[in-house]
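Okay, here's what each chain looks like letter by letter:
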Amino acid sequence: QVQLAESGGGLVQPGGSLRLSCAASGSRFSIYAMGWERQAPGKTREKVAHITSDGSTNYGDSVKGRFTISRDNAKNTLYLQMNSLQPEDTAVYFCNLGEYSGSFYIVRSWGQGIQVTVSS
């Protein structure tokens, strides 16, 4: 099973930027779709962004135009560039690895999560 480890979280002021990374162990990284989800205190987990094995992307409505998901298959690493951060972006961010079955995204592995706090 592929193991995932997030890094790059922390505290940032409103309007600032952060880049999250998710390093994957094991082989066959490039054949999987990957994604980011987040969970704020007292709220359900929500989709942030997905990227397919061929690089197609889609985003949750709340982050469109501000966040960019990308992947480097040579480094087995997934990224999330977050710009124009707002306090409502405060959450634990989780990366995942999975595959699409038709329009359904099936998660095969989760990272442990990393805290992002947006506050002045």
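Not measured: the values here are computed from a predicted model. (Residues numbered from 1 in each chain as written. Predicted model: local features only at pLDDT ≥ 70, side-chain atom pairs only at ≥ 80, totals over all residues. Heavy atoms only, no water.)

1. Considerations on the overall build of the chain
Turning to step 1, where the next piece is worked out: Looking only at helices and strands, one finds zero helices and 11 strands in the chain.
Turning to step 2, where the next piece is worked out: Start at the N end of the chain and walk to the C end: the helices and strands fall as β-β-β-β-β-β-β-β-β-β-β.
Turning to step 3, where the next piece is worked out: In terms of overall size, the chain behaves like a compact globule, its C-alpha atoms giving a radius of gyration of 14 Å where 120 residues would be expected to give roughly 14 Å.
Turning to step 4, where the next piece is worked out: C-alpha atoms of the chain, sized along the principal axes, occupy 40 × 25 × 25 Å.
Turning to step 5, where the next piece is worked out: Within the chain, counting contacts between residues at least 6 apart in sequence, those at least 24 apart form 54% of the total.
Turning to step 6, where the next piece is worked out: For the chain, the accessible surface area stands at approximately 6,200 Å², while carbon and sulfur atoms represent 47% of it.
Turning to step 7, where the next piece is worked out: In the chain, the 11 positive side-chain charges and the 9 negative ones have mean positions that sit 2 Å from each other. (Helix = DSSP H or I, 4+ residues; strand = E, 2+ residues; numbered from the N terminus. Rg over C-alpha atoms; globule rule 2.2 N^0.38 Å. Contact = heavy atoms within 4.5 Å. Areas by Shrake-Rupley, 256 points an atom, 1.4 Å probe, with all protein chains shown as cover. Lys, Arg positive; Asp, Glu negative; His and termini not counted. Charge placed at Lys NZ, Arg CZ, Asp CG, Glu CD.)

2. Concerning the side chain of N76
Turning to step 1, where the next piece is worked out: Among the secondary structure elements, N76 is positioned in the loop between β7 (67-72) and β8 (77-82).
Turning to step 2, where the next piece is worked out: Once you skip the residues sitting within four places of it in the chain, N76 turns out to touch C22, A23, A24, G26 and F29.

3. Things to note about the nonpolar core
Turning to step 1, where the next piece is worked out: The biggest cluster of nonpolar side chains holds 30 residues, and the ones touching the most others in it are W36, L80, M82 and Y93.
Turning to step 2, where the next piece is worked out: Breaking this core down by element, the ones donating at least two residues are β3 (18-24), β4 (33-39), β5 (46-51), β7, β8, β9 (91-101) and β11 (114-118).
Turning to step 3, where the next piece is worked out: Setting aside chain neighbours within four positions, we find L80 in contact with L18, R19, L20, W36, V48, A49, F67, T68, I69 and Y93. (Core = buried A, V, L, I, M, F, W, Y, C linked by side-chain atoms within 4.5 Å. Buried < 20%, exposed > 50% of the residue type's maximum accessible area, 1.4 Å probe, protein only.)

4. Focus: the sheet that holds β3
Turning to step 1, where the next piece is worked out: Taken in spatial order, the four strands make up an open sheet running β1-β3-β8-β7, and their pairing is antiparallel. Only two strands of the sheet have a single partner each, and these edge strands are β1 (4-7) and β7. Across the sheet, the mean angle from the axis of one strand to that of its neighbour is 15°, orientation sign disregarded.
Turning to step 2, where the next piece is worked out: Where β3 meets β8, six bridges bridge the pair, whose relative direction is antiparallel. Each residue of the ladder has a partner; that of A23, found in β8, is T77. (Pairing = 2+ DSSP bridges. Axes fitted to C-alpha atoms, helices over the stretch in contact; angles between N-to-C directions.)

Shape descriptors only; they carry no functional weight alone.
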